[in-house]
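Working through the structure, step by step
What follows is each chain in one-letter form.
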Amino acid sequence: MKQLYATFDWIGAAVLLAVRAFRMLPAAPRILKRTVEQAFLGGYASITIVALLSFSIGAVLALQAGLTLQPVGMKEVIGTLVGEAMVRELGPLIVAILVAGRVASAITAELASMKVYQEIDALVTMNIPPERFLVLPRLLAVLLYMPVLTMIGILMGWIGGAVVCKYVAVIGVSTDVYFNAVRAYLDFPKLVDGLIKAEIFGFVVILIACNTGLRTTGGPREIGFAVTRSVVYSLVAILGLDYFITKALS
Amino acid sequence: MQTDPPPPPPKPAQTPATHAPPARHQPVGVEIAGLTKSFGPQTVLTGITLSIRPGEIFTIMGPSGSGKSVLLRQIAGLDLPTAGTIRINGLDPARPATRDHFALALVFQAGALFNSLTVFDNLALHPLEHRLDNRAGIRARVLRALKILSLENAARKYPSELSGGMKKRVAIARALVMEPQILLYDEPTSELDPVMAATITEIIATLRQEYQVTSIVVSHDRDLALTISDRVAILMRGELRALETPGGLRALTDPEITDFLNPKIDLAQPRYQKMEAL
């Protein structure tokens, strides 16, 4: 019962944090520089790892699909399978998991450290709301970079699949056939669905990171615990939300 | 009981340049009535009632764990009281909406400087965020505060590059840039060598003299309390045990207070043995 109460208390605090942050939106011009800075730290600096991982996932997906479909003579649809999977599911998911592990953990560590070392208290006494100064720039930034990272992830996944199809002899699907299959069933609304999913994942992950960081109490040891909690909560939230968003968008 | 004559007021090591106090910033008073603060089952402050006058240096002393810093956080509006009220110029400091009505600054024990910002940016943050001036005006304001605290050479450094004493001075400079009407200090001389502690003490006195700012100091430092304070409150086990001028404090005969103010080292029967006997 106590655990349940704590869970609802935590979720309530996260929702309130988001509401309080977005009530500060009129001050957005003042936080433009910090938003760009956060977009750089979270987005630009993640491009390489997103590209590598997506390429790898796309390649493995094409290889598995090829090994299964080639014996039954359906290897021409590998492109469709990889294309759809990357756009609607794996692209947003990979990027969200990377953001949780790479960006959200850093945000939690930073905010938890600021809380433990009274920097948050210092902001409050200066009458600078942490929601405006720390949370809103991070939330706006994630809304900016998630679609970009997701599109990069999708594209690299497709390319990974194409490379495998072309160069793995047992599959042997030409690049033209592969990308024709990608295009055959893919349309713009499906891409939009994938981007909406990515936006929701990113927003929730960064909100969890900020809320966990700002609720940290105690000493330096708690900073490590907060980072672990933040990543675990983020992954649970991503996987939990994935089903419901997919169902809602389908 | 202290029988020595009170030490003469110290002469500041570096006299700050005289500046007229900001027109809109008049010192403010604090009224605390029946303040009680509990954390779960533990009551840390019990029924504190006192009044701090505008422009005075008010020191809160007491043994470790007596609730001094908790009281300071309540005055700063960082925590809500369990019972009772705190009013700064008649306003509740814990309500964000009232924070615009008076300028309050808190110098934290460990400085609480923003580690990701340089010293200059730490000082410029408040005026920039509140748009108190244009860029040039804010720069002038920050440089003036750095000069007053003899920190001109530290402007481009990060807090991690500073010594403990410099961090305290930067924290005071950051508070000064806010042009506060009420300035709270949490253990401003702790962890400092005696010379630096004396320097900080002089700075507190000088800032009050120059800016007529109401100063509330939480400290264990007997020299600071008895030298520059107008009045001293002694907290023990969360209760207000004494509220006196430094002279009145020396005249007190309460053995617990005199033992706290003038601890004697007794090697024949060390204090920990007395505690064990209890």
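Note that the structure is a prediction, hence the values are computed from the model and not measured.

Here's the deal with the overall build of chain B
- Looking only at helices and strands, chain B has nine helices and nine strands in total.
- By residue count, 40% of the 278 residues in chain B fall in the buried class.
- In chain B, the proportion of contacts linking residues at least 24 apart, taken out of those at least 6 apart, comes to 68%.

So, the sheet that holds strand S8 (residues 231-236) of chain B
All names here are of chain B.
- One open sheet accounts for six strands, arranged S5-S6-S7-S3-S8-S9; its pairing is mixed. Strands with a single pairing partner mark the edges of an open sheet, and in this sheet they are strand S5 (104-107) and strand S9 (239-244). When the angles between neighbouring strand axes are averaged without regard to direction, this sheet yields 15°.
- Pairing between strand S3 (residues 57-61) and S8: four bridges, direction parallel. Pairing of Met61 across the sheet is with Ile234, part of S8.
- This element, helix H5 (residues 194-211), spans S3, strand S6 (182-186) and strand S7 (214-218) of the sheet and lies at about 160° to S7.

Description of the packing of helix H6 (residues 130-167) of chain A against helix H7 (residues 175-185) of chain A
Residue and element names in this part refer to chain A.
- Where H6 meets H7, the closest approach of the two axes is 9 Å, and the angle between their N-to-C directions is 140°. Here H6 lies oblique to H7, going by the angle between them. For the pair H6 and H7, the crossing hand works out as right-handed. Facing Trp158, Gly161, Ala162, Cys165 and Lys166 of H6, the residues of H7 in contact are Thr175, Tyr178, Phe179 and Val182.
- Looking at the contact of H6 with H7 residue by residue, the classes come out as six nonpolar, two polar and one charged.

What to know about the pairing of strand S2 (residues 42-52) of chain B
Residues and elements named next belong to chain B.
- Here strand S1 (residues 30-39) pairs with S2 via seven bridges, running antiparallel. Looking at the pairing, Ile32 lines up with Leu50 of S2.
- As consecutive antiparallel partners, S1 and S2 are separated by two residues, and within that stretch Gly40 has a phi angle of approximately 65°, a positive value.

Topic: the pairing of S6(B)
Residue and element names in this part refer to chain B.
- Among the five residues of S6, five are classified as buried, and the element is accordingly described as predominantly covered.
- Residue alternation in S6 divides its side chains into two sets, Ile182, Leu184 and Asp186 and Leu183 and Tyr185, and both sets are buried.
- In this sheet, S6 lies alongside S5 in parallel orientation, the contact comprising four bridges. Directly across from Ala105, in S6, lies its bridge partner Leu183.
- Across five bridges, the pairing between S6 and S7 is parallel. What sits directly across from Tyr185, in S7, is Val217.
- Between the parallel pair S6 and S7, the chain is carried across by H5, and the sense of this crossover is right-handed.

Description of unusual backbone geometry
All names here are of chain B.
- With phi around 50°, Asn89 is a residue other than glycine that occupies positive phi space.
- Within the fold, Asn89 resides in the loop between strand S4 (83-88) and S5.
- For Asn89, a count of 17 C-beta atoms within 10 Å puts it in the partly exposed group.
- In the Ramachandran plot, Arg131 falls in the positive-phi region, its phi being about 50° despite a non-glycine side chain.

What to know about the confidence of the model for chain B
Residues and elements named next belong to chain B.
- Looking at chain B, pLDDT values average 85 and 87% of them are 70 or higher.
- The weakest mean pLDDT in chain B belongs to helix H9 (residues 271-277) at 67; the strongest belongs to S3 at 95.
- When the criterion is pLDDT under 50, residues 1-23 qualifies, and its contacts beyond four places in sequence or with other chains add up to 31 contacts.
- Quick note on the complex model: pTM equals 0.85, ipTM equals 0.82.

The rules we used
Residues numbered from 1 in each chain as written. Chains lettered and ligands numbered in written order. Predicted model: local features only at pLDDT ≥ 70, side-chain atom pairs only at ≥ 80, totals over all residues. Helix = DSSP H or I, 4+ residues; strand = E, 2+ residues; numbered from the N terminus. Buried ≥ 20, exposed ≤ 12 C-beta atoms within 10 Å, placed from the backbone. Contact = placed C-beta atoms within 7 Å. Pairing = 2+ DSSP bridges. Axes fitted to C-alpha atoms, helices over the stretch in contact; angles between N-to-C directions. Parallel < 35°, antiparallel > 145°, perpendicular 65-115°, else oblique. Left-handed = near helix turned anticlockwise from the far one by under 90°. Nonpolar A, V, L, I, M, F, W, Y, C, P; charged D, E, K, R; others polar. Right-handed = clockwise from strand over helix to strand, strands pointing away. pLDDT = per-residue confidence, 0-100.

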